[in-house]
Structure formats: C-alpha cells, structure tokens
Amino acid sequence: MEGAMVIGLQAAQAGLQQGEELLRRGRNAEAADLARRAVVALPGEPRAHYLLGMALARQAAGRPDLRDEAASAFQAVLDRAPGHPGSLLHLGLLLAENGREADSLPVLDSFLAGQPAHPRARVARANALQHLGRVADSLPDYEAALAQDPKLRAARSNYLLALLKARRVEPAMAQGRMLLDGHPGDIRALALYATAASAAGAADVYEHLVRPDDWPRAATPFGEAGPERDALHDQLIAD
C-alpha cells in the first residue's frame, strides 16, 4: 500500500511538471486539466494551485467563471504559502478585473510592499482607486508606473482622466500632448485633451483638436462605401 502511494505521488509530481511545461508553451487549457488533477492528488502543494490559477487566468478574458476559479486557486496558494508574490499579484489583478476593486487593494498593497516598482501592479492599484472615487490617491501610482515604463498607453490615458477629475488642467494637457505625440489620432486622448484645453481656456488648442481634418485615424471613413457609411461617419464627426 505504501509503495502504491509513493508511486501515486510520483505520478502526480510528474503530471505537475508536465502541466508547468504546457503552461510555458502556451497550452493553457491542457495545463489547467493537469493542474486540476494535481490539486486533487497534492492538495497541500502550493505549486499545483498556482499552476491552476495561472492556466485559468490566461483563459479568463470574458469568462467571469474562470476568473473566479483562478482567484480561488491563487487564494489557495496564499493559504499554504502566505506572501507568495505571484499569487498576490495575480489575485489582486483578478479581483480588480472582476469589479472587486476594494478587495483588490489590500492584496496589491501586500505585493507592492515587496516589489514597489512593479508597473502593472501600480497601474492596477491606481485604476482601482480611481474607480472607487479616490482620485487624488491614484495619481502617485500612475506617476510611479509611468516613470518605470513611459510606454504604458492605457495607464497614461487613465492618468490623464484622473488629472481632469482632480481639476489639474495643466498637467492633463501635458499628458494629452505626450499621448498624442506617441499615438496620433487616439480618439480617447483627443477627447480628454480637448476637455483639458477647454477647461484651461486654450481655445486655439481646443479648435485644433476638434477639427476632423486633423484626426489621422478618426476621420478616415470605414466600412463599405455607400450612404450608410457616409451617414455614420458624418454623425461621428458631429459627435
């Protein structure tokens, strides 16, 4: 009996290693299947739960059920290995993505206590704070993330929005210019930058931003040629 148990544990460990290799190769659904078996065979092994969480998280776009299962797997890791950095990071991200921003903050704080310069975690924390109405508190996190990685387009756009909410118009205009320099025609940047220019009384900048001929991407007609496309395009310009 004891020998059979040893063989069973060895097989479970081998399956766990195979699942980790599948995850590295991007075969996430297969990795999740092996991870579920490993969790049953090795319930006390944090690696098995972490493998399951990662395999599910990589398939979770548009799937709240998979996000919930992945979050449970990462929590299972933390129950067995408190402070596990990867589980803290991914659990915090999943909670924020699932509309549980308030729950995500202490998890992200625990992760950032050990890795304060992590841009993705900083952005997630900033977005959560902004969503919760704590706009002023979100600004330092956006600034820290962008200092680490200036190419974070979505972070800079959300930072611009937070600056507008905080009525910091001049910094918002600077961010709008920077965003459009890197991404000409970005519709959200145009809208936010124009809002900042209007609030700052910069009429010349505002008029330039809302002139359709200056929108490299937005003013390009799309769809099949015909009256329906023309009408839609005209309405977009008017809006």
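Source: prediction; values computed, not measured. (Residues numbered from 1 in each chain as written. Predicted model: local features only at pLDDT ≥ 70, side-chain atom pairs only at ≥ 80, totals over all residues. Heavy atoms only, no water.)

## Section: the side chain of Arg125
So the rule is basically this: Per the convention used, a helix needs a DSSP run of H or I reaching at least four residues, while a strand needs a run of E reaching at least two, with both numbered from the N terminus. The buried label applies to any residue whose accessible area, calculated with a 1.4 Å probe on protein chains only, is under 20% of its type's maximum; exposed applies above 50%, and partly exposed to all values in between.
Counting through the fold element by element, Arg125 comes out in helix α7 (residues 119-131). Overall, Arg125 belongs to the buried group, its relative accessible area being 17%.

## Regarding unusual backbone geometry
Phi at Arg167 takes a positive value of approximately 60°, unusual for a residue other than glycine. As for its position among the elements, Arg167 is in the loop between α9 (153-165) and α10 (169-182). Given the relative accessible area of 73%, Arg167 is considered exposed.

## A few points about the confidence of the model for the chain
Atom-level detail of predicted coordinates should not be read off regions where pLDDT is low. Cut-off, in case you're wondering: pLDDT measures the predictor's confidence residue by residue and takes values from 0 up to 100.
Taken residue by residue, the chain gives an average pLDDT of 88. The fraction at 70 or more is 85%. When pLDDT is averaged over each helix and strand of the chain, the minimum, 65, is found for helix α13 (residues 227-238) and the maximum, 98, for helix α6 (residues 101-114).

## Notes on the packing of aromatic side chains
Note the following rule: Pairs were defined over the aromatic rings of Phe, Tyr and Trp, the Trp ring being its six-membered one, requiring ring centres within 6.5 Å. Orientation was assigned from the angle between planes: stacked under 30 degrees, edge-to-face over 60, tilted for the rest.
As enumerated under the stated definition, the model contains two aromatic pairs in all. Ring centres of Tyr142 and Tyr159 lie 5.9 Å apart, and the angle between their planes is 35°; this geometry places the pair in the tilted category. Of this pair, Tyr142 sits in helix α8 (residues 135-148) while Tyr159 is found in helix α9, placing the two residues 17 residues apart along the sequence. Considered together, Tyr142 and Tyr159 belong to a single accessibility category, that of buried residues.

## Let's talk about the packing of helix α2 (residues 28-41) against helix α3 (residues 46-57)
Relative orientation and spacing of two packed helices are given, respectively, by the angle between their axes and the distance between those axes. Rules: For helices, the fitted line uses only the C-alpha atoms of the stretch in contact; every axis is such a line through C-alpha atoms, and the angle between N-to-C directions lies from 0 to 180 degrees. Angle categories: roughly parallel below 35 degrees, roughly antiparallel above 145, roughly perpendicular from 65 to 115, and oblique for all the rest. Working rule for handedness: look at the near helix, and if it is turned counterclockwise from the far one by less than a right angle, call the crossing left-handed; if clockwise, right-handed. Whether two residues touch is decided by their heavy atoms; if any such pair falls within 4.5 Å, the residues are in contact.
α3 packs onto α2 with a crossing angle of 150° between their chain directions and a minimal axis gap of 8 Å. Compared by their axis directions, α2 and α3 come out roughly antiparallel. Here the hand of the crossing between α2 and α3 comes out left-handed. Here α2 contributes Asn28, Ala31, Ala32, Ala35, Arg36, Ala38 and Val39 to the contact with α3, which in turn contributes Ala48, His49, Leu51, Leu52, Ala55 and Leu56.

## Observations regarding the environment of Glu21
What counts here: Two N or O atoms form a polar contact when they lie within 3.5 Å of each other; inside protein one atom must be a possible hydrogen donor and the other a possible acceptor, and for residues adjacent in sequence the pair counts only when both atoms belong to side chains.
Within the element layout of this structure, Glu21 appears in helix α1 (residues 2-24). A relative accessible area of 33% places Glu21 in the partly exposed class. C-alpha separation for the pair Glu21 and Ala31, spaced 10 residues apart in sequence, amounts to 8.1 Å. Within the structure, Glu21 has its side chain in polar contact with the side chain of Arg24 (distance 3.0 Å).

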